[in-house]
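# Close look at the chain arrangement
If you want the building blocks of each chain, they are given just below.
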Amino acid sequence: MAVLFDASVLIDLFNKRLAGERRAKLDHLVATLQKSRTDVFVPTPALAEFLVRAGKARDAYLQALESQPRLRIEPFDKRAALECALQSGLPFDKPDDDASPNKN
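Model, not experiment: these values are computed from the prediction. (Residues numbered from 1 in each chain as written. Predicted model: local features only at pLDDT ≥ 70, side-chain atom pairs only at ≥ 80, totals over all residues. Heavy atoms only, no water.)

A few words now on the overall build of the chain. Each helix and strand in the chain was counted, giving five helices and three strands. Sequence-ordered secondary structure for the chain, helices as α and strands as β, is β-α-α-β-α-α-β-α. Long-range pairs, those at least 24 residues apart, make up 68% of the contacts in the chain with a sequence separation of at least 6. (Helix = DSSP H or I, 4+ residues; strand = E, 2+ residues; numbered from the N terminus. Contact = heavy atoms within 4.5 Å.)

Moving on to the pattern of salt bridges. The full count for this structure, using the stated rule, is six salt bridges. Measuring nitrogen to oxygen at the nearest pair gives 3.0 Å for the salt bridge that ties E21 to K25. In this pair, E21 and K25 both sit in helix α2 (residues 20-35), four residues apart, roughly one turn of the helix. K25 sits in the exposed class, given a relative accessible area of 54%. (Salt bridge = Lys/Arg side-chain N within 4 Å of Asp/Glu carboxyl O. Buried < 20%, exposed > 50% of the residue type's maximum accessible area, 1.4 Å probe, protein only.)

What follows covers the environment of R72. Within the fold, R72 resides in strand β3 (residues 71-74). R72 sits in the partly exposed class, given a relative accessible area of 41%. Each C-alpha atom, one on R72 and one on T44, is 10.0 Å from the other, the two residues being 28 residues apart in sequence. Excluding residues within four positions of it along the chain, R72 makes contact with V40, F41 and V42.

This brings us to unusual backbone geometry. If you check the backbone angles, R37 has positive phi at about 55 degrees while not being a glycine. A residue is classified by how much of its surface remains accessible, and R37, at 58% relative accessible area, is exposed.

The terminal C-alpha atoms of α2 lie 22 Å apart, and with 16 residues this matches the ideal 22 Å at 1.5 Å per residue to within 8%. Among all positions in α2, only R23, L26 and L33 are buried. For α2, the arc enclosing every buried residue in end-on projection is 100 degrees, short of the 170-degree limit, so these residues lie on one face. Those residues of α2 that are exposed and aimed more than 90 degrees away from the buried face are G20, E21, K25, H28 and K35. Against β1 (2-4), α1 (7-13) and β2 (39-43) lie the buried residues of α2. (Expected span 1.5 Å × (residues − 1). Arc of directions from axis to C-beta.)

Right, here's the structure in full:
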């Protein structure tokens, strides 16, 4: 089993001011994933979204992520996007008229 962290999870993980129930839930998630030896993937777009606002701490955050043995930063290209969409299992039979790329 593996999980995927998006930018919002990374932001919360490194937010020293995050407290209360949200911090407790996040800490429990991390502890559970570590205990079960679950692989955690961070797609490169999520990493970029997180790091773009990291300022001077950018290198330290990146080093902290890369030092985690079960965490892997993964490329996310067109093939990965298609694979993710297929695994979601949600049908997309007909696009809405407003979502059509051919709408003028």
